[in-house]
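One-letter residues, chain by chain:
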Amino acid sequence: MNKKTIITALLALVAITGLAQTTFDTEEGCLNVVDFSFEQGIGEYGDRCLSANYTHERFINAQFSIGAGVGYSHHKTYKYSAIPVFLSSHYFFLDKRFSPFVNLRVGGFAMFNAKNVGTNEKFSLSKDKQSFSLYISPSIGVKMHITPNIGVLASMSDEAYLIKAFDTSRNDYRSKLIHSLGVNIGVCFQIKGW
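Here goes a summary of the coordinates provided. (Residues numbered from 1 in each chain as written. Predicted model: local features only at pLDDT ≥ 70, side-chain atom pairs only at ≥ 80, totals over all residues. Heavy atoms only, no water.)

Side note on the nonpolar core
The biggest cluster of nonpolar side chains holds 13 residues, and the ones touching the most others in it are Tyr78, Tyr80, Phe109, Tyr161 and Ile163. Contributing elements (two or more residues each) for this core: strand E4 (80-92) and strand E7 (150-167). Sequence-distant contacts of isoleucine 163, defined by excluding residues within four places in its chain, comprise Tyr78, Tyr80, Phe109, Met111, Leu125, Gln130, Arg174, Ser175, Lys176 and Ile178. One finds Leu31, Phe101, Leu153 and Cys188 within the second-largest nonpolar core, a separate group that totals seven residues. (Core = buried A, V, L, I, M, F, W, Y, C linked by side-chain atoms within 4.5 Å. Buried < 20%, exposed > 50% of the residue type's maximum accessible area, 1.4 Å probe, protein only. Helix = DSSP H or I, 4+ residues; strand = E, 2+ residues; numbered from the N terminus. Contact = heavy atoms within 4.5 Å.)

What to know about the environment of isoleucine 83
Along the chain, isoleucine 83 turns up in strand E4. Sequence separation between isoleucine 83 and valine 70 is 13 residues; the distance between their C-alpha atoms is 7.0 Å. Ignoring any residue separated from it by four or fewer positions in sequence, one finds isoleucine 83 in contact with Val70, Gly71, Tyr72, Gly108, Phe109, Ala110 and Phe112.

What about the sheet that holds E7?
Here eight strands make up a closed barrel; going around it, the order is E1-E2-E3-E4-E5-E6-E7-E8 and the pairing antiparallel. Between one strand and the next, the sheet's axes are offset by a mean angle of 25°, whatever the strand orientation. In terms of strand pairing, E7 meets strand E8 (residues 172-189) through 18 bridges, oriented antiparallel. What sits directly across from isoleucine 150, in E8, is phenylalanine 189. (Pairing = 2+ DSSP bridges. Axes fitted to C-alpha atoms, helices over the stretch in contact; angles between N-to-C directions.)

Here's the deal with the side chain of aspartate 47
Note on placement: aspartate 47 falls in the loop between strand E1 (30-41) and strand E2 (49-59). Of the side chains with opposite charge, arginine 48 comes closest to the buried, unpaired aspartate 47, at an N-O distance of 6.8 Å. Polar contacts involving the side chain of aspartate 47 include one to the side chain of histidine 75, which spans 3.3 Å. (Lys, Arg positive; Asp, Glu negative; His and termini not counted. Salt bridge = Lys/Arg side-chain N within 4 Å of Asp/Glu carboxyl O. Polar contact = N/O pair within 3.5 Å; in protein donor to acceptor, adjacent residues only side chain to side chain.)

Written as structure tokens, this is what we have:
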């Protein structure tokens, strides 16, 4: 190999590496995330569940985005399914190919297919509906871009659902924030023109 070929190859490598170091083009303005999670209950009344979520966010700047999302989760211990609808925000600590981030989701959820209702046993749900079903999920993780417009996210989250469940110590149904510690894997991508 001659010197010109080596220099050309090195310059091309530097240009490609520089391109891969940047995050999404904030001029295009959006971040879309599809993630799946397996959660293990924490605390005495915690619940195991599987969930999937879709989030669409607009970039405020190169590191901060805010938007909304919808999901689906199946709760094994309490035997119900939920569809959370939430506001979401990501903050990426670095505008690089690899970056740690924090995420917060806050909203409400609709419960359906509840099977363990009114049995007056631990992990039983009340027959009475709550006035508001709160959903909250803070998480921390890392993002790695495969291309400038497609990346992979991995995170740990604390998913919490406010439900009216049987409290064995009080022998009555009480509103409880049920927590689950989740391991999340997702894909983030940019749709041109959104």
